[in-house]
Amino acid sequence: MIIKGHKVNRRIPRAASADMLSRNISIILENLLKHYEKSQLPTHGQSLPTIVRTNILIRSMGPVSELDMDYSMDCYFRQYWRDKRLSFSGPIKSLSLSIKMLDKIWRPDTYFYNGKHSHIHTITVPNKLLRLDQNGGILYSMRLTIKATCPMELKNFPMDRQSCPLIIGSCESMNIKNENLIFLQSKILDGYTNQQLVYEWQNNDDAVSFVPGMTLNQFDLSSMMFRNSTSTRREGDFSVLHVAFNLKRHTGYFLIQVYVPCILIVVLSWVSFWIHREATSDRVGLCVTAVLTLSTISLDSRIDLPKVKYATALDWFLLMSFLYCIATLLEFAGVHYFTKLGSGEIPRLENSSHESIFKDVSNTEDDETDKNYKSDDNSKDDICECLGHNEFDFQYEVSLSNTVTVAGFQSCDDVIGIYGYPNTPSHASTMDRTTQTEPSVVSRIQQIWLCLKSDENFRKQRERDAAAENNVQGHCNSYVNSVSLIDRVARVAFPMSFAMFNFLYWLAYGMYKKEFSWSTIK
């Protein structure tokens, strides 16, 4: 019982001392706030500015939005200043105060110049800390989510480097009430000048720090700069704090989603160079499909980008990919125009009705009369020799025989005779006559102009010249399955030029490194 009584006696003094301490703290605060004027600066009447030291601990950062040109971060924002009116003496070195005390003392009206939307975390209680030490030093810490503007230059996108600033300054909000009106007028912002309030970074080495292991999903934080500065406005000079987060974008996503698919689509469009030139639907369909696929990729890549007035690096690459696919389609148009039946490179007879053959015969006789065109007397033998060279020529001979039968001719000799192949003594005499009736030489520029003009006489002349050359060389069907010269050139020119473009593109944009400086930060 006595032991128990002693225990009870020991507890009573401890509880009494705690109550006494709380009463002393309450008395101290009441005495401090008894003649305290919260609208006055701590250095009021001393001709000295109040110094507010600030530091930031960033817990997480992102997302960084190119569309809205802003970024977000979650941080602990701490401010420290000294107010000698709140100094006290006693056994306690510092007091942890309730956040309700903030409404009774002076505090800096700090705000973010480039902030768009910021808020204090209030779950489960307002995330604020207020601490007062004996010499009047006040520590005010809060957890904030800050959303601030980040002006971006997207000319090098997606190999770009951005610098996102955060500007901190003073702004005093005063509510002015018009006695003639019942409602409250809007707030007037009038910050403290640098003669009244000065902001400084606390601990210059780690004034802005990050939680270990913090990463961004689309950027690398390459460096960070901060400084004390002065902002000059019409009302005067104001003390501000600058911090700039220098970011370097990851290009892996765009390589996988945009660049590699575009390169593969362009290379796929070149397959048409190895497709037979008479397969019109196959080659056109392949090129059109490549163009439509690039259109889809281009639209998807622009969804998350703002509508800027200049072209980005990604736009230039997509544009060049478009041009290569369209050039492939135009290349086939040239092949189709210059090598189609009737251009002179594929001379052969088509299955047709009796009337159409006689019409062609009459047209041929008229052309021969105008141009004095004559053939070799051995051309019939040469054609017969050509028709027996291989299996393809045999099929061509069968096709020709069927045509002759349908048209009502008795033999191939009748058709050959009608188309202007009379018997002549030798090849030499034919060459002599061809030389005598050889048309005037047409320059390359004139030939291109006549082709673009679709001159009918020039087309027929090319047909006759090609047929005569085939008869002289003794291989009348050498061009039926041949590869166009345009296709042969395109097989080499397109890949080499595209490889050179990629080399210059990645050299210009990939190796370019923008140096960060305060002059480049807007």
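Predicted model only: the values in this text are computed from it and were never measured.

## A look at the packing of helix H2 (residues 252-269) against helix H3 (residues 280-301)
Right, on to step 1. Close contact between H2 and H3 brings their axes to 9 Å; oriented N to C, the two are set at 170 degrees. The angle between H2 and H3 falls in the class roughly antiparallel. Across the interface between the two elements, Gln257, Val258, Pro261, Cys262, Ile265, Leu268 and Ser269 of H2 pack against Leu286, Ala290, Thr293, Leu294, Ile297 and Ser301 of H3.
Right, on to step 2. Looking at the contact of H2 with H3 residue by residue, the class counts come to 9 nonpolar, 4 polar and no charged.

## Here's the deal with the sheet that holds strand E13 (residues 219-233)
Right, on to step 1. Spatially, 4 strands are ordered E4-E8-E14-E13 in an open sheet, and the strand pairing comes out antiparallel. Each having just a single partner strand, strand E4 (110-112) and E13 make up the two edges of the open sheet. Strand-to-strand twist across the sheet, computed as the mean angle between neighbouring axes with direction ignored, equals 20 degrees.
Right, on to step 2. Bridging between strand E8 (residues 161-170) and strand E14 (residues 236-249) involves 9 bridges; their strand directions are antiparallel. Looking at E14, one finds that Pro165 is bridged to Ala244.

## Some thoughts on the packing of aromatic side chains
When we look at a pair of aromatic rings, we describe it by the centre distance and by the angle of the planes.
Right, on to step 1. Inspection of every chain in the model, using the stated rule, returns 23 aromatic pairs.
Right, on to step 2. Pairing Tyr111 with Tyr113 gives two aromatic rings, centres 4.8 Å apart and planes at 25 degrees, and the pair type is stacked.
Right, on to step 3. Looking at Tyr111, the relative accessible area reads 29%, which means it is partly exposed.
Right, on to step 4. When the ring of Phe157 is compared with that of Phe254, the centres are 5.1 Å apart and the planes differ by 80 degrees; the resulting orientation is edge-to-face. Separated by 97 residues along the polypeptide, Phe157 in the loop between strand E7 (137-149) and E8 and Phe254 in helix H2 bring together distant segments of the chain. Phe254 shares its class with Phe157; the two are buried.
Right, on to step 5. In this structure, Lys155 packs its charged tip against the face of Tyr310, placed 5.7 Å from the ring centre.
Right, on to step 6. The lysine or arginine in question, Arg233, covers the ring of Phe238, its NZ or CZ lying 3.9 Å from the ring centre.

## Points about the nonpolar core
Right, on to step 1. Counting residues in each nonpolar core, the largest one holds 78 residues, and the members touching the most others are Tyr71, Met73, Leu166 and Phe245.
Right, on to step 2. Of the residues forming this core, the biggest block, 7 residues, is contributed by helix H4 (residues 313-339).

## A short note on the side chain of Glu66
Right, on to step 1. Mapped onto the fold, Glu66 is located in the loop between strand E1 (50-65) and strand E2 (70-82).
Right, on to step 2. Those residues in contact with Glu66, other than ones at most four positions away along the chain, are Met152, Leu154, Gln218, Phe219, Arg249, Asp304, Leu305 and Pro306.

## Examining the confidence of the model for the protein chain
Right, on to step 1. When pLDDT is averaged along the protein chain, the result is 76; 69% of the residues meet or exceed 70.
Right, on to step 2. The low-confidence segment residues 173-188, where pLDDT is below 50, has 16 contacts with residues more than four positions distant or belonging to other chains.
Right, on to step 3. In this model, residues 475-480 is a region of pLDDT below 50 whose contacts with residues beyond four sequence positions or in other chains number 17 contacts.

Parameters and conventions
- Counting from 1, residues in each chain are numbered in the order their sequence is written.
- Given that this is a predicted model, residues contribute local features only at a pLDDT of at least 70 and side-chain atom pairs are listed and counted only at 80 or more, while totals for whole chains, interfaces and linings are drawn from all residues.
- Water and hydrogen atoms play no part in the side-chain values, which are based on all heavy atoms of the structure.
- Between N-to-C directions, angles cover 0 to 180 degrees, with each direction set by a line fitted to C-alpha atoms, over the stretch in contact for helices.
- The numbering of helices and of strands both runs from the N terminus, where a helix is a DSSP run of H or I of at least 4 residues and a strand a run of E of at least 2.
- Orientation labels follow simple angle bins: below 35 degrees gives roughly parallel, above 145 gives roughly antiparallel, 65 to 115 gives roughly perpendicular, and whatever is left gives oblique.
- Residue contacts are counted whenever heavy atoms from the two residues lie within 4.5 Å of one another.
- Residues are grouped as follows: nonpolar covers Ala, Val, Leu, Ile, Met, Phe, Trp, Tyr, Cys and Pro; charged covers Asp, Glu, Lys and Arg; every other residue, Gly included, is treated as polar.
- In short, DSSP must find at least two bridges between two strands for them to pair.
- Pairing of aromatic side chains requires ring centres within 6.5 Å, counting the rings of Phe and Tyr and the six-membered ring of Trp. Pairs whose planes differ by under 30 degrees are stacked, by over 60 edge-to-face, and all others tilted.
- For the exposure calls, accessible area comes from a 1.4 Å probe over protein chains only, and a residue counts as buried if that area is under 20% of its type's maximum, exposed if over 50%, partly exposed in between.
- Consider the ring centre and the ring normal. A charge sits over the ring if Lys NZ or Arg CZ is within 6 Å of that centre and within 35 degrees of that normal.
- Residues belong to a common nonpolar core when they are buried Ala, Val, Leu, Ile, Met, Phe, Trp, Tyr or Cys residues joined through side-chain atoms within 4.5 Å.
- Values of pLDDT, which run from 0 to 100, indicate the predictor's confidence residue by residue.

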